[in-house]
Structure formats: C-alpha cells, structure tokens
Amino acid sequence: MNKQELLAKLWEQYTAITPSAEKIHSLLGKNDQTISNDHIAIRTYNDARVNISVLEKPFVAAGYEAMGEYFFEAKKLYAKHYQHTIDKNAPKIFISELLLEKCSENLQVIVKEILDDCDQTVFENPELIIKGRVWETPSYAIYSILREESEYAGWMYVYGFRANHFTVNVNELTDFNTLESLNDYLEENGWNLNASGGKIKGTPEQLLEQSSTLGDVQEIEFLEGKYNIPTCYYEFALRYPDSSGELYQGFIAASADKIFESTDLKLQVVE
Ligand code: NI
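What counts, and at which threshold
Residues numbered from 1 in each chain as written. Predicted model: local features only at pLDDT ≥ 70, side-chain atom pairs only at ≥ 80, totals over all residues. Heavy atoms only, no water. Buried < 20%, exposed > 50% of the residue type's maximum accessible area, 1.4 Å probe, protein only. Helix = DSSP H or I, 4+ residues; strand = E, 2+ residues; numbered from the N terminus. Pairing = 2+ DSSP bridges. pLDDT = per-residue confidence, 0-100. Contact = heavy atoms within 4.5 Å. Salt bridge = Lys/Arg side-chain N within 4 Å of Asp/Glu carboxyl O. Core = buried A, V, L, I, M, F, W, Y, C linked by side-chain atoms within 4.5 Å. Axes fitted to C-alpha atoms, helices over the stretch in contact; angles between N-to-C directions. Parallel < 35°, antiparallel > 145°, perpendicular 65-115°, else oblique. Left-handed = near helix turned anticlockwise from the far one by under 90°. Phe/Tyr/Trp six-rings, centres within 6.5 Å; stacked < 30°, edge-to-face > 60°. Polar contact = N/O pair within 3.5 Å; in protein donor to acceptor, adjacent residues only side chain to side chain.

1. Looking at the pairing of strand S5 (residues 163-169)
Consideration 1: Within S5, seven of the seven residues are buried, which leaves the element mostly enclosed by the surrounding structure.
Consideration 2: Relative to S5, strand S1 (residues 37-45) runs antiparallel, the two being bridged by four bridges. Bridging from a neighbouring strand, Ile42 pairs with Ala163 of S5.
Consideration 3: As defined by bridge partners, S5 adjoins strand S9 (residues 233-239) across five bridges and the pair is classed as parallel. In the sheet register, His165 faces S9, and the bridge partner there is Tyr233.

2. Some thoughts on the confidence of the model for the chain
Consideration 1: When the pLDDT values of the chain are averaged, the result is 91; 93% of them are 70 or greater.
Consideration 2: Confidence drops under a pLDDT of 50 for residues 254-268, and excluding neighbours within four residues, the segment shows 22 contacts in the predicted structure.

3. Concerning the pattern of salt bridges
Consideration 1: The full count for this structure, using the stated rule, is nine salt bridges.
Consideration 2: Measuring nitrogen to oxygen at the nearest pair gives 2.9 Å for the salt bridge that ties Asp87 to Lys3. Here Asp87, found in the loop between strand S3 (77-84) and strand S4 (92-98), pairs with Lys3, found in helix H1 (residues 3-17); they are 84 residues apart in sequence, far enough to count as distant.
Consideration 3: Assessed through its relative accessible area of 25%, Asp87 is described here as partly exposed.
Consideration 4: In this structure, the salt-bridge partner of Asp38 is Lys92, at a minimum N-O distance of 3.6 Å.

4. Notes on the nonpolar core
Consideration 1: Formed by 78 residues in total, the largest nonpolar core has its most connected members in Tyr45 and Phe236.
Consideration 2: Tallying contributions element by element places helix H7 (residues 151-159) first for this core, with seven residues.

5. Looking at the packing of helix H5 (residues 105-116) against helix H6 (residues 140-149)
Packed helices, taken two at a time, are described by their axes: the angle between them and the distance between them.
Consideration 1: For the pair H5 and H6, interaxial distance at closest approach is 11 Å and the crossing angle is 135°. By the angle between their axes, H5 is oblique relative to H6. Here the hand of the crossing between H5 and H6 comes out left-handed. Of the residues in H6, those touching H5 at Asn106, Leu107, Ile110, Val111 and Ile114 are Ile142, Ile145, Leu146 and Glu149.

6. Things to note about the packing of aromatic side chains
Consideration 1: Enumeration over the complete set of coordinates arrives at 20 aromatic pairs.
Consideration 2: Ring geometry for Trp11 against Phe166: centres 4.9 Å apart, planes inclined by 75°, an arrangement best described as edge-to-face. With Trp11 in helix H1 and Phe166 in strand S5, this pair connects stretches of sequence that are 155 residues apart.
Consideration 3: Residue classification places Phe166 among the buried residues on the basis of a relative accessible area of 1%.

7. What about the sheet that holds S9?
Consideration 1: An order of S2-S3-S4-S1-S5-S9-S6 is seen for the seven strands of this open sheet, with the pairing classed as mixed. Edge positions in the open sheet fall to strand S2 (64-72) and strand S6 (208-212), since each of these has one partner strand only. Ignoring strand direction, the axes of neighbouring strands in this sheet form an average angle of 25°.
Consideration 2: Relative to S1, H7 is tilted by about 90°, and along the sheet it contacts S1, S3, S4 and S5.

8. Quick notes on the pairing of S6
Consideration 1: Where burial is concerned, most of S6 is hidden: five out of the five residues are buried.
Consideration 2: Pairing of S6 with S9, which is carried by five bridges, proceeds in the antiparallel orientation. In the sheet register, Glu209 faces S9, and the bridge partner there is Leu238.

9. Some thoughts on the environment of Glu224
Consideration 1: In this structure, Glu224 sits in the loop between strand S7 (217-222) and strand S8 (225-230).
Consideration 2: Under the relative-accessibility criterion, Glu224 is labelled partly exposed at 41%.
Consideration 3: In this structure, Glu224 is in contact with Pro138, Ser139, Tyr140 and Ala141, ignoring residues within four places of it in sequence.
Consideration 4: Side-chain polar atoms of Glu224 contact the side chain of Ser139, separated by 3.1 Å.

This is how it looks when you write it as structure tokens:
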C-alpha cells in the first residue's frame, strides 16, 4: 500500500466505528475550510509478533521514519512517533505498545493466549495494521479483566489493529485561532468534549495543546452477548513554535525534562 491508500484505509476503518469523527470533519469543512491531519494514533501489545517493530513496517515502506520515543510509566506504555520524509503535510504516526512485562502475570498469560490462538501467518501480513481484530469473538469476561487492569489492553482486545484516533491539525484551520474557540464551537454544535483533567491537555509552554471528543459507543458482540463499549474519539491539536521557530512536532512526554513527569497524575498521557 502506498501512503494515500494506507491512510485512506485507516480513516475508513476508523470512521466506520467513530461516526462522530466523520460528522465533525464535515462540520469543520463546510465553509471550504481545509482539514489536515496532525497525527494518527495506533495501539498494540509489545509481544514480538505484533509490537511497534512489526506495525511500523507499512509506514516505513510508505516513506515514514521514526523521530521520537516516549515512555508513559503509569500506563506502562512505550511509544514512537514517525514523520514522513518527503511530505511534510502527511500526518505523523504515533504507535504505542503496552509493556506486557510490567503488567500482571494474569494479563500476560491472557494476551499470550489471545495471540497464540490466532493463525500465526496473519502476523506476517503486511496489511496487519488494517486487519482490526484478528482473533475470535471476544469474551466479555476477559475484556473486563483486561480493562480493569488496563483500559488500553481491553480496547486492544476488542478492536485490534486499526487507528485509535485521528487528530485535526488546528494550526491549519482558518476559522479558529485558539483551541478554546474550536472547543466552544464544537460544544455549541452539540458535541461533548472529554473534560477529564480539563478540556485542554498540555500548555503553550509544552508546545502542544490537545482536546478530544468523548469516545463514541458501539454495540459489540461478545461470546456472552452484546454490550455497549467505547470505540474511538476525535482529537484536536494546536502546536507552538519551539526555540528554532518551527512548530514543535513531537508529543508532550517528548521534551526530556518532562519524560519523568508522565507518572504525575496531573500530566495526562497526550498521545
Ligand atoms: Ni493523539
């Protein structure tokens, strides 16, 4: 897949379970305002069959290169972000992985079994990243166990390989100069924003401010029956210039002195 195909597939798969993103995309685009993507976030487990080194392949093949790495201690995540080498307007790709060895023994066993039960050839498929859930119908009991320890692990078990969120590049919006004004506009139009830890995560000093919608909810078929489960959210990012005068392209835990603050509950994981 070339870059366009890959990004289009990810968007198609994402909006299929996140209809709010498509509606907000249309709302923002109605006055011919161009909407560009800041980044696409992808999740995985750090099992060697499906870790970042596996999932980065189609992006590297499409011209992306790794630029930054991040540790999110409290959430037990490691992440890398990728930028396109030629197309500076291409969205950044943010891939995180759950550090299984830092999780409970029980969670490790469950995730290993989930992956062991798959046809192992699927992990070699160059299109793994758009395959969604490659294991059998999930069990609500297992989902609940995973989710109790790690929301991330539970989400991954239900949805698998796909974009977790897309992010509007607010700097490129012509109708809004601040993230606050965009947030107000979205709320006036009936959208609920994630207010946990404040509607705006990050500060101008950190060179990145982000907000997001509350995730959509979808009825998912589990072995035990149907349950309503959160799907994905839509994110909005406003970037500030760094000391070189260029817009900062990293993520919050990036600035070296901030890395260890990621365990600080006041400083949310901003991916
Ligand atoms: Ni993000």
